[in-house]
Amino acid sequence: CWHAMTTGSADGAGASQWQQVNVHQFVVASSITSFFEAATLYPFDVIKTRQQVGNSTFSRVASDLWTRAGVRGLYKGFSWSVIGGVPSDVAFWLSYNVFKDILLQHSTLDQHLVHLCAGACAEVVGLSLYLPLDVVSQRMQAQALPGRPPPRQYHQMRFKRFDGGVEVARAIAARDGLPGFWRGFGVSVGSQVPASAVSMMGYEWFKHLLPSHIPLLSETHPGTHILAGGLAGILAGVVTNPVDVIKTRLQVTQEHRSLMQLANELVEVDGVRGFYRGIFPRICSIAPRNAMAFLLYEVSMSVASPSQQSAIQEWYDND
């Protein structure tokens with residue numbers, strides 16, 4: 001999911017900061033940045049999905065998509081992903097800040113634990129909105145290209161002929177009913193919540209570590225936010241990729257299989273390295289997305305908070 005790697009600011013902004021934010025402007029800004037973020041990085045998601053349900057390398061999948069379908073192949077299912085992704089991103093950010101304010105005011109948890117718990121709760125809210133259209137989008141990504149049969153392995157996971165998302169959605173509804181659109185919800189939660197936790201902890205650590213090794217940076221410098229966010233995304237991607245592979249295969253399979261059955265099939269075909277299938281395009285997607293998300297969130301929340309505007313002006317004056 002797009003918001004899984006953006007679990008809020010790590011600088012420990014209190015409840016009063018969010019209360020001073022113009023919510024309408026925040027919603028508009030989040031929607032715009034979410035769309036452009038998705039448009040930039042979506043091709044990596046397509047390649048990652050086809051790697052995870054097929055049996056090929058990153059370069060071969062990318063070349064095959066470009067040769068046979070051009071740009072359209074790299075953006076297969078994009079509209080459905082955006083329809084679900086943008087509203088869920090906005091819902092995530094709003095939920096995150098509401099949960100964070102509640103915990104800051106009514107709990108004795110450490111600030112880092114507050115961010116972790118609020119991000120986990122917001123993740124569930126966002127996934128509830130995002131997953132139905134993500135299932136449609138991923139099945140569109142995984143279906144066989146025109147004129148080419150699916151690979152011998154995993155043939156049961158691909159739709160062979162569909163004109164678009166409406167047909168895919170109808171097929172899901174006819175076969176599995178409404179629960180089919182939330183297939184993989186449990187494993188998605190199991191994948192995204194740890195990813196958010198690892199990303200948050202990694203961001204905190206890198207944010208404090210980088211200024212001590214790079215004199216030009218400080219904890220409030222945008223460069224620190226970009227580098228710390230990107231490195232945290234790489235860490236989260238490596239740690240959680242095995243669960244993401246199982247989640248993707250569960251979502252696109254047309255047969256009812258348990259998590260253990262899918263894991264055993266993967267091990268039989270590719271061994272343990274199968275759990276890291278698609279790791280390169282996933283990192284290529286997560287790292288810049290994480291860097292962009294943390295930077296934009298830090299800047300937008302700081303600009304919206306009068307108490308932080310002087311710090312921003314000071315940085316620009318000294319830069």
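Given the structure is predicted, the values throughout are model-derived calculations rather than measurements. (Residues numbered from 1 in each chain as written. Predicted model: local features only at pLDDT ≥ 70, side-chain atom pairs only at ≥ 80, totals over all residues. Heavy atoms only, no water.)

## Description of the state of the cysteines
The criterion, for reference: The criterion for a disulfide is a pair of cysteine sulfur atoms lying within 2.5 Å. Exposure categories follow from relative accessible area, calculated using a 1.4 Å probe and restricted to protein chains: below 20% of the type maximum is buried, above 50% is exposed, and the middle band is partly exposed.
Enumeration over the complete set of coordinates arrives at zero disulfides. Lacking any disulfide linkage, Cys117 is separated from the closest cysteine sulfur, that of Cys121, by 6.8 Å. The exposure class assigned to Cys121 is partly exposed, which follows from its relative accessible area of 36%.

## Here we look at the environment of Tyr203
Spelled out, the test is: A run of H or I in DSSP becomes a helix once it reaches four residues, and a run of E becomes a strand once it reaches two; helices and strands are each numbered from the N terminus.
In this structure, Tyr203 sits in helix α7 (residues 185-213). Using a relative accessible area of 0% as the deciding quantity, one classes Tyr203 as buried. Sequence separation between Tyr203 and Leu227 is 24 residues; the distance between their C-alpha atoms is 9.0 Å.

## Considering helix α9 (residues 259-270)
The following threshold applies: Expected span of a helix: the number of residues minus one, times 1.5 Å. Think of it as the arc spanned by the lines of direction from the helix axis to the C-beta atoms.
Under the 1.5 Å per step criterion, the end-to-end length of α9 is 16 Å for twelve residues, consistent within 8% with the ideal 16 Å. Turning to α9, its buried residues are Leu262, Ala263, Leu266 and Asp270. Buried residues along α9 cover an arc of 100° about the axis, so they all sit on one side. More than 90 degrees from the buried face of α9, the exposed residues found are Met260 and Glu268. Once α9 ends, the next one or two residues include Gly271, with phi positive near 75°.

## Observations regarding the pattern of salt bridges
Rules: Note on definitions: salt bridges are taken to be side-chain nitrogens of Lys or Arg within 4 Å of carboxyl oxygens of Asp or Glu.
All chains considered together, the criterion is met by two salt bridges. The partner of Asp244 in a salt bridge is Arg282, with the nearest N and O atoms 3.4 Å apart. In this pair, Asp244 is assigned in helix α8 (residues 222-252) and Arg282 in helix α10 (residues 279-304), connecting sequence segments 38 residues apart. There is no split in this pair, since Asp244 and Arg282 are both buried.

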